[in-house]
Amino acid sequence: DFFTFGSLNNYHKISDQVVDVWSKILLKCEKSKLILKSSSFECNIQMIREKFRKYGVEKKIEILDVRNYPYKKDHLNVYNKIDLALDTFPYNGVTTTFEALWMNVPVIVLKGKNFVSRCGESIMKNSKNDFLIANDIEDYVNKSVSLSEDLNKLDEIRIKIYETILSSVLFDTKKFSEDFSQTLSNIYSSHNK
């Protein structure tokens, strides 16, 4: 009965601006909720709830206790509850973005201006999922809302995501290993002349 957004990024990445933008998305999507889960429980969960309460969406937020997900498979299974992942900004997810894609969950990312804010964009470009990159806040909101309203489009994306990432350079571990090995060999050779 609900469209479920999700973010499994660490809570310290959920800035006031992120809360503002995610709240706008939740308000535009009447039957929606947002699942949050951090990899640590060292954050004040009540503070996170208060941030969302300011926008009147606190009842749409489900905060999962990391202690209830002791194993990697438990953590990854949370993605099975998420229709669309929302990336944090300006500090993007990296591991969580890879995990979401691995679990066939599209991730909306915001184009950034420096290294830490361009990780999401880089992952999406290199995984051939450019259409999930938002150019600005308005585009981020619009893409998120649009995908929540067009479940056929979302299904098309989900079906293709796994195959797309496996054929991308990001998941080509053999090529990475060969390149890395060659780079180390080149460094060693250049210092032993």
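Keep in mind it's a predicted model, so treat the numbers as computed, not measured. (Residues numbered from 1 in each chain as written. Predicted model: local features only at pLDDT ≥ 70, side-chain atom pairs only at ≥ 80, totals over all residues. Heavy atoms only, no water.)

Caption draft 1: The arrangement of the overall build of the protein in detail. Of regular secondary structure, the protein possesses 8 helices and 6 strands. Along the protein, from the amino end to the carboxyl end, the secondary structure elements read β-α-β-α-β-α-β-α-β-α-β-α-α-α. Its C-alpha atoms give the protein a radius of gyration of 18 Å, near enough to 16 Å, the size a compact globule of 193 residues would have. Over its C-alpha atoms, taken along the principal directions, the protein stretches across nearly 65 × 40 × 35 Å. Per-residue burial for the protein yields a buried fraction of 44% across its 193 residues. Per element, the accessible surface of the protein, about 11,000 Å² overall, is 52% carbon and sulfur. (Helix = DSSP H or I, 4+ residues; strand = E, 2+ residues; numbered from the N terminus. Rg over C-alpha atoms; globule rule 2.2 N^0.38 Å. Buried < 20%, exposed > 50% of the residue type's maximum accessible area, 1.4 Å probe, protein only. Areas by Shrake-Rupley, 256 points an atom, 1.4 Å probe, with all protein chains shown as cover.)

Caption draft 2: Region of the structure containing the nonpolar core. With 51 residues, the main nonpolar core has Phe5, Trp22, Ile25, Leu34, Leu36, Phe52 and Tyr140 as its most contacted residues. With 6 residues, the top contributor of residues to this core is helix H1 (residues 16-28). Excluding its chain neighbours within four sequence positions, the residues that come into contact with Phe5 are Ile25, Leu26, Cys29, Ser32, Lys33, Leu34, Ile35, Ile82, Leu84, Leu86, Ser144 and Ser148. (Core = buried A, V, L, I, M, F, W, Y, C linked by side-chain atoms within 4.5 Å. Contact = heavy atoms within 4.5 Å.)

Caption draft 3: Expanded view of the pairing of strand E2 (residues 32-37). The element E2 is extensively covered by neighbouring structure, given that 5 of its 6 residues are classed as buried. Across 5 bridges, strand E1 (residues 3-7) lies against E2 in parallel orientation. In the strand pairing of E2, Thr4 is matched with Lys33. Handedness of the β-α-β unit built from E1, H1 and E2 comes out right-handed. Judged from the 4 bridges that link them, E2 and strand E3 (residues 61-64) form a sheet pairing that is parallel. By the bridge assignment, Lys37 is partnered in E3 with Leu64. (Pairing = 2+ DSSP bridges. Right-handed = clockwise from strand over helix to strand, strands pointing away.)

Caption draft 4: Focus on the packing of aromatic side chains. Taken as a whole, this structure holds 6 aromatic pairs when the rule is applied. When the centroid spacing of 5.8 Å and the interplanar angle of 70 degrees are considered together, the rings of Phe98 and Phe171 count as edge-to-face. Taken together, the residues Phe98 in helix H4 (residues 95-102) and Phe171 in the loop between helix H7 (151-166) and helix H8 (173-191) connect sequence positions 73 residues apart. Through successive ring pairs, a cluster of aromatic residues spans Phe98, Trp102, Tyr162 and Phe171. (Phe/Tyr/Trp six-rings, centres within 6.5 Å; stacked < 30°, edge-to-face > 60°.)

Caption draft 5: The arrangement of a nonpolar patch on the surface in detail. A surface patch of nonpolar side chains, amounting to about 420 Å² of accessible area, comprises Phe176, Phe180, Leu184 and Ile187. Relative to the elements of secondary structure, Leu184 occurs in helix H8. (Patch = residues over 30% accessible without salt bridge, like charges linked within 9 Å, V, L, I, M, F, W, Y side chains within 5 Å. Salt bridge = Lys/Arg side-chain N within 4 Å of Asp/Glu carboxyl O.)

Caption draft 6: Region of interest: the packing of H1 against helix H6 (residues 137-149). At a minimum axis separation of 10 Å, H1 and H6 run at an interaxial angle of 35 degrees. Between H1 and H6 lies a crossing whose hand is right-handed. Only Ile137, Tyr140, Val141, Ser144 and Val145 of H6 make contact with H1, whose side of the interface consists of Gln17, Val21, Trp22, Ile25 and Lys28. Among the residues making up the contact of H1 with H6, the classes are represented as 7 nonpolar, 2 polar and 1 charged. (Axes fitted to C-alpha atoms, helices over the stretch in contact; angles between N-to-C directions. Left-handed = near helix turned anticlockwise from the far one by under 90°. Nonpolar A, V, L, I, M, F, W, Y, C, P; charged D, E, K, R; others polar.)

Caption draft 7: View of the pattern of salt bridges. According to the stated counting rule, one finds 11 salt bridges in the structure shown. Notably, a salt bridge pairs Asp16 with Lys51, separated by 3.2 Å at the nearest N-O pair. One end of the pair, Asp16, is in helix H1; the other, Lys51, is in helix H2 (residues 45-53), and 35 residues separate them in sequence. Residue Lys33 pairs with Glu62 through a salt bridge whose shortest N-O separation is 3.5 Å.

Caption draft 8: Looking closely at the sheet that holds E2. Taken in spatial order, the 6 strands of this open sheet run E3-E2-E1-E4-E5-E6, and their pairing is parallel. Strands at the two margins of the open sheet, each flanked by one partner only, are E3 and strand E6 (133-134). Contacting E2 and E3, H2 runs over the sheet at an angle of about 170 degrees to E3.

Caption draft 9: Region of the structure containing the side chain of Ser168. Here Ser168 shows up in the loop between H7 and H8. Owing to a relative accessible area of 1%, Ser168 belongs among the buried residues under this scheme. Here Ile165 takes part through its backbone oxygen, which lies 2.7 Å from a polar atom of the side chain of Ser168. Once residues within four sequence positions are removed from consideration, Ser168 is found in contact with Asn126, Ser127 and Lys128. (Polar contact = N/O pair within 3.5 Å; in protein donor to acceptor, adjacent residues only side chain to side chain.)

Everything listed here is a matter of geometry and, on its own, says nothing about what the molecule does.
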